[in-house]
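Structural features, examined
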Amino acid sequence: MENILDYILNVQTLVLVFVIVLLKTSIKFVPQNRAYVIERFGKYQSTKEAGLNFIVPFIDRISADRSLKEKAVDVPEQSAITKDNISLSVDGVLYFRVLDPYKATYGIDDYVFAVTQLAQTTMRSELGKMELDKTFEERDVLNTNIVAAINEASGPWGIQVLRYEIKDIVPPQSVMEAMEAQMKAERVKRAQILESEGDRQAAINRAEGKKASVVLAAEADKAEAVLRAEGEAKAIIAVATAQAEALRQVGEAAATEEGQKAIQLDLASKAIEAKRAIAKESSVVLLPDNGTDAASVVAQAMTIINTLNKKV
C-alpha cells in the first residue's frame, strides 16, 4: 500500500514538473521594441511582438531575436576619388533600424554587415560625382543622397536607414598644403580689399569734410554780408532819422523870436568865420564897400528865412 502511495506521489510530482516545464516553454514575454521570429519544424511560423505570447512547446522555437531600436554603426575609413581626381579618406556613422523582422532574418544573412558595406560603396559613388570643394561645402546634400541610395537598396532586407553622418574628410597632404596656401592668399586678398576700401572711404570722408567746410564758410560769409548790409541800412536810417529830428527841432525853434535871434547870431558867426578863413588862405582880402557887411549878410539871411517861413 505504501509503495502504491509513493508511486502515485512520484507520478504527481513528475506531472507537476512536466506542467511547469511545459508552461515555461510555451509562455514567452517579449520585451518592448523587440520581436521574436518563431519557426515550427524549421519553417517560419509567426513574429511575436512585445508583451505576453504563447508558442507550442517542443515544436515551435525562437529563430531570431530582433531589436527594433535605432542602431548606430561606425562606417570604417575608406578611400574615395572625387570628380576632379583627388583621393580622399572618408569615414562616417550610419543610423538605421529594423522595420520588418521577417525580412531582416530571411532576406539577408547579416544585415548590419550588408548595410555597412552598402554605405561604403554608396559613399564612394556619391563622392565620385562631386568635386573636392563641393565635398566640404555640401555635406548635407551628400548625406541625403547616401541615405536615399541605401534605402532604395535595403528595402528587401526590412531595414530603414534614418540618416548618415560623415565624420571626417581627409584629403592628401599635398592637397591640404595647397588648400592652406589658397586660404592664406584669400585672407591676404580680403585684407587688401578691406584696406583699399578703408582708404577710399577715408578719402571720400575727407572730400566731403572739405566740401562741407567750404559750404559752411560761404554760408558764414553770406550771413556776415547780410548782417553787415542790414547794419549799414539801419545806421543810415538812424542817421537820417536823427537829422530829420534835428531839422524838425531847428525848424520849431526858428519859428520863435528867440530862435530868430539865435539864427541871426549863428549866421553872423559863420560869416565872420568864413571871412577869417579866407584871410588866412590868401594874402589879399577884398572887403565890401559897405562897412557894415556882416550886418548886411545877416539881414540878407534873415530875409531868406522869413520868406521861407511865409511859404510854409
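Up top you'll find the structure we're talking about.
Residues numbered from 1 in each chain as written. Predicted model: local features only at pLDDT ≥ 70, side-chain atom pairs only at ≥ 80, totals over all residues. Heavy atoms only, no water.

With respect to the secondary-structure elements, L23 resides in helix α1 (residues 2-26). Considered as a pair, L23 and I55 are 32 residues apart in the sequence and their alpha carbons are 9.7 Å apart. (Helix = DSSP H or I, 4+ residues; strand = E, 2+ residues; numbered from the N terminus.)

With that settled, consider the packing of helix α3 (residues 111-127) against helix α5 (residues 139-154). Orientation of α3 relative to α5, taken along the N-to-C sense of each, is 135°, at an axis distance of 9 Å. Viewed along their axes, α3 and α5 adopt a mutual orientation that is oblique. Here α3 and α5 pass one another in a crossing that is right-handed. Together, L118, A119, T122, M123, E126 and L127 of α3 and L142, N145, I146, A149, I150, A153 and S154 of α5 make up the contact between the two elements. (Axes fitted to C-alpha atoms, helices over the stretch in contact; angles between N-to-C directions. Parallel < 35°, antiparallel > 145°, perpendicular 65-115°, else oblique. Left-handed = near helix turned anticlockwise from the far one by under 90°. Contact = heavy atoms within 4.5 Å.)

Grouped together as the largest cluster of nonpolar side chains are 30 residues, with contacts concentrated most on L94, F96, I159 and Y164. Secondary structure elements with two or more residues in this core: β6 (71-81), β7 (87-98), α3, α5 and β8 (159-170). The element best represented in this core is α3, accounting for 7 residues. What L94 contacts, discounting residues up to four positions off in sequence, is K71, A72, V73, V75, V115, A119, I150, V161, R163 and Y164. (Core = buried A, V, L, I, M, F, W, Y, C linked by side-chain atoms within 4.5 Å. Buried < 20%, exposed > 50% of the residue type's maximum accessible area, 1.4 Å probe, protein only.)

Here the focus is the sheet that holds β7. The strands making up a sheet associate through hydrogen bonds between their backbones, and the pairing can be parallel or antiparallel. The 3 strands are arranged β6-β7-β8 in an open sheet whose pairing can be described as antiparallel. Each end of this open sheet is capped by a strand with a single partner; those strands are β6 and β8. Each strand of the sheet is rotated relative to its neighbour by a mean of 25°, with strand direction disregarded. Here β6 runs beside β7; their pairing, made up of 9 bridges, is antiparallel. Across the sheet, residue Q78 finds its bridge partner in β7, namely V90. Contacting β6, β7 and β8, α3 crosses the sheet at an angle of about 35° to β6. (Pairing = 2+ DSSP bridges.)

What follows covers the packing of aromatic side chains. Across all of its chains, the model carries 4 aromatic pairs by this definition. When the centroid spacing of 5.9 Å and the interplanar angle of 75° are considered together, the rings of Y44 and Y106 count as edge-to-face. Note that Y44 is positioned in strand β3 (residues 43-48) and Y106 in helix α2 (residues 101-106), a separation of 62 residues in sequence. The exposure class of Y44 is partly exposed, given its relative accessible area of 31%. Aromatic side chains F96 and Y111 sit 6.3 Å apart centroid to centroid with 85° between the ring planes, which places their arrangement in the edge-to-face category. One end of the pair, F96, is in strand β7; the other, Y111, is in helix α3, with 15 residues separating them in the sequence. Accessibility assignment for this pair places F96 and Y111 in one class, buried. Three or more aromatic residues link up through ring pairs in this structure, and these residues are Y44, Y102 and Y106. The ring of Y95 carries the charged tip of R163 above its face, separated from the ring centre by 4.3 Å. (Phe/Tyr/Trp six-rings, centres within 6.5 Å; stacked < 30°, edge-to-face > 60°. Lys NZ or Arg CZ within 6 Å of the ring centre and 35° of its normal.)

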